[in-house]
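Structural characterization, general
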Amino acid sequence: MSLIQHRIGGVQVGGSVTAPVHDPAAGTPVGEVVLGRAPEVDAAVTAAARAFESWQDVSQARRARIMFAFRDLLERHEDELARLVTAEHGKVLDDACGEIVRGREVVEFACGIPQALKGEYSDQVSSGVDAYSFRQPLGVCAGIVPFNFPVMVPLWMHPIAIACGNTFVLKPSERVPSASALIADLYAEAGLPDGVFNVLNGDRETADALIRHPDVAAVSFVGSTPVARHVHATATAAGKRVQALGGAKNHAVVLPDADLDLAADQITAAAYGSAGQRCMAISVAVAVGAAPDPLVARLADRARAIKVGPGADPGTEMGPLISADALARVTGHVDAAQAAGAEIVVDGRGLPGPGYFAGPSLLDHVATDLPAYQEEIFGPVLIVLRADTLDDAIALVNANPHGNGTAIFTSSGEAARRYQRAVHVGMVGVNVPIPVPMAFYSFGGWKASLFGDTHIHGPEGVRFYTRAKAITSRWPEPQTASTAGDMAFPT
Ligand code: NAD
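Residues numbered from 1 in each chain as written. Predicted model: local features only at pLDDT ≥ 70, side-chain atom pairs only at ≥ 80, totals over all residues. Heavy atoms only, no water.

A separate point is the sheet that holds strand 1 (residues 2-4). A sheet is described by the order of its strands in space; here 3 strands give the open sequence 1-5-4, paired in mixed fashion. Pairing within the sheet leaves two strands with one partner each, and these edge strands are strand 1 and strand 4 (18-23). Direction aside, neighbouring strands of the sheet carry axes that sit 35° apart on average. Where strand 4 lies against strand 5 (residues 28-34), 6 bridges are found, and the strand directions are antiparallel. (Pairing = 2+ DSSP bridges. Helix = DSSP H or I, 4+ residues; strand = E, 2+ residues; numbered from the N terminus. Axes fitted to C-alpha atoms, helices over the stretch in contact; angles between N-to-C directions.)

So, in structure tokens, the structure goes:
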């Protein structure tokens, strides 16, 4: 049994309160993680604040070089990181490697930070006067992250924050803490000074103390909608800059002119990959016009063929859920939908333990007022809804409180264009089921899927982690300049 500690100011720090970490494929504890309380929270923020005093003045070129070294170390340690992710999260090893690659792409973006931080310059805005602007780091930035992407989601935040000249305190999910400890080691090996990146382990109590700490300048949060709303309200009330990404209910609209085999393949992978525990998972397929029956038949064939098992076993396509609670939630939603008259086309309930396994479930004829449709299930359950027209499908998607991701499957460019313009959703795929933007764009949903006004990583990430300064400058020539001031407003 391992004991996962904090990394504060370059050293491992313990604590008196711990929680067990489970292997979801076995349902047994594999380690303990310390839970930070007020003294550790303060120590982490203080270490980051002290490191900021010098890190903010380190040259952009050196910051970029450290990111290049960190990027190479991430690549070299990909297997080790993936094994840690699979052991604590349960996802299949290939899937764990996928999140590490997508996270590494953010580091690659951060390697180009000197380009992203270039300011503006206007010569001679008045006689002998120039104007220019540049962006400066904020100070100590905090990241609070969910269990479902132990490597990728934190990488959306800290490489950009640090490359911009900030220091960082990461609070990983207490359910999957080990990968962040290795990330701290890799940063140290890459040459990052102590205290620039700190890992503060803990639970909601730790997170709450962190977002209220007076020396934290900005908070990035990713997790469920109720907690995102709470973090946004609490941190903004304390005067901090906040981006808080929440939960999702992602719809894939399938038009009758779509390639139904392609749509069924893609929707199956997007609904059941990582056991549906992705914020960009497709959890609702909206079949339009004549599409429903042939689509349901194809989805059912594919769902039944998925191999469920431990994520580390070769041949497994779908691993377990994160916890016994998650398994109970998923089963409860399917039970309630069935009791309310939904058709259970494929039933994933009742898989044997000892791990937290649910198989793929496919539900048809679900009333839209049922909790199974209204709430984020965050498990391997796909609901099929029916719509008469594309406009009806758009109205359905827009009536949902979430707006993270969506996809349309069609062979009509006109229909796709109409859909991408009309939906109130932050990320849209056209014949692409999981439209996660590349690292050089920014990631974020609308409505209850994001609180705050800045999306994460890419150009909006740079804006979030910096603030602008505008300079107006005059260097008078001694022989010609008048030193007399003008009492009127300068024009
Ligand atoms: P969660 O909201 O339970 O926890 C997220 C983080 O917040 C964890 O670090 C946790 O310790 C902390 N936390 C929990 N309760 C808190 C509270 N009351 N106050 C302060 N901090 C608290 O989420 P989870 O179960 O770990 O992750 C799954 C959720 O994350 C899903 O809803 C999923 O859609 C969402 N998610 C969203 C995105 C996105 O980009 N929008 C990405 C990944 C996951």
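Attention now moves to unusual backbone geometry. With an omega dihedral of 10°, the bond running from G353 to P354 counts as a cis peptide bond. Turning to its location among the elements, P354 is positioned in the loop between strand 15 (343-346) and strand 16 (361-364). In this structure, K447 takes a positive phi of about 55° despite not being glycine. When you line up the elements, K447 lands in strand 21 (residues 446-447). The exposure class assigned to K447 is partly exposed, which follows from its relative accessible area of 32%. Phi is positive for H457, which is not a glycine, with a value near 50°. Summarising the element assignment, H457 is placed in the loop between strand 22 (450-451) and helix 16 (458-464). On the accessibility criterion, H457 (2% relative accessible area) is buried. (Buried < 20%, exposed > 50% of the residue type's maximum accessible area, 1.4 Å probe, protein only.)

Pairing in this open sheet of 7 strands is mixed, and the strands run 15-16-17-14-13-19-20 from one edge to the other. The open sheet is flanked by strand 15 and strand 20 (427-430), the only strands paired with a single partner. The sheet shows a mean angle of 25° between the axes of neighbouring strands, direction not considered. Pairing between strand 16 and strand 17 (residues 381-387): 4 bridges, direction parallel. Looking at strand 17, one finds that L362 is bridged to L382. Against the sheet, helix 15 (residues 413-422) makes contact with strand 13 (250-254), strand 19 (405-409) and strand 20, and its axis sits at roughly 165° relative to strand 19, the strand it touches most. (Contact = heavy atoms within 4.5 Å.)

Quick look at the site of the ligand now. Around the ligand, the surrounding shell holds 28 residues, and the nearest of these are V145, E174, S224, G246 and E376. The side chain of K171 places a nitrogen or oxygen atom 3.0 Å from an oxygen atom of the ligand. R204 places a polar side-chain atom, nitrogen or oxygen, 3.4 Å from a nitrogen atom of the ligand. Contact with the protein chains covers 91% of the free accessible surface of the ligand, which is 850 Å². Judged by its atoms lying within 2 Å of the grid points, the ligand is housed in the largest pocket. (Near = heavy atom within 4 Å. Polar contact = N/O pair within 3.5 Å; in protein donor to acceptor, adjacent residues only side chain to side chain. Areas by Shrake-Rupley, 256 points an atom, 1.4 Å probe, with all protein chains shown as cover. 1 Å grid on protein atoms, 1.4 Å probe; cavity = no way out; pocket = protein on both sides within 12 Å on 5 of 7 lines; lining within 4 Å. Sits in = over half its atoms within 2 Å of the grid points.)

Interpreting fine coordinate detail is not advised for predicted regions of low pLDDT. The predicted model of the protein chain averages 97 in pLDDT, with 99% of residues at 70 or higher. The complex model carries a pTM of 0.97, and its ipTM stands at 0.99. (pLDDT = per-residue confidence, 0-100.)

With that settled, consider helix 10 (residues 260-272). If you check helix 10, its first and last C-alpha atoms are 18 Å apart, about what 13 residues at 1.5 Å a residue would give, namely 18 Å. Buried within helix 10 we find L260, A263, A264, I267, T268, A270, A271 and Y272. As for helix 10, its buried residues are in contact with strand 13, strand 14 (282-288), helix 11 (292-305), strand 16, strand 17 and strand 19. For helix 10, the N-terminal cap is D259; the gap from its side-chain oxygen to the backbone nitrogen of D261 is 3.1 Å. Just downstream of helix 10, S274 is the residue with a positive phi angle, here 55°. (Expected span 1.5 Å × (residues − 1).)

Further remarks concern empty space enclosed by the protein. Across all of its chains, the model carries 2 cavities of 30 Å³ or more by this definition. When its volume is computed, the largest cavity comes out at roughly 120 Å³. Lining the largest cavity are 15 residues; nearest its centre among them are G276, A281, S283, E376 and F378. Classifying every residue of the lining of the largest cavity gives 8 nonpolar, 4 polar and 3 charged. Here the second largest cavity is characterised by a volume of approximately 50 Å³. Lining the second largest cavity, in full, are R102, E105, V106, M152, W156, V436, P437, M438, A439 and H457. Among the secondary structure elements, those contributing two or more residues to the lining of the second largest cavity are helix 4 (93-111) and helix 6 (152-163). The biggest single contributor to the lining of the second largest cavity is helix 4, with 3 residues. (Points joined across faces, edges and corners; volume = space filled by probe spheres on them. Nonpolar A, V, L, I, M, F, W, Y, C, P; charged D, E, K, R; others polar.)

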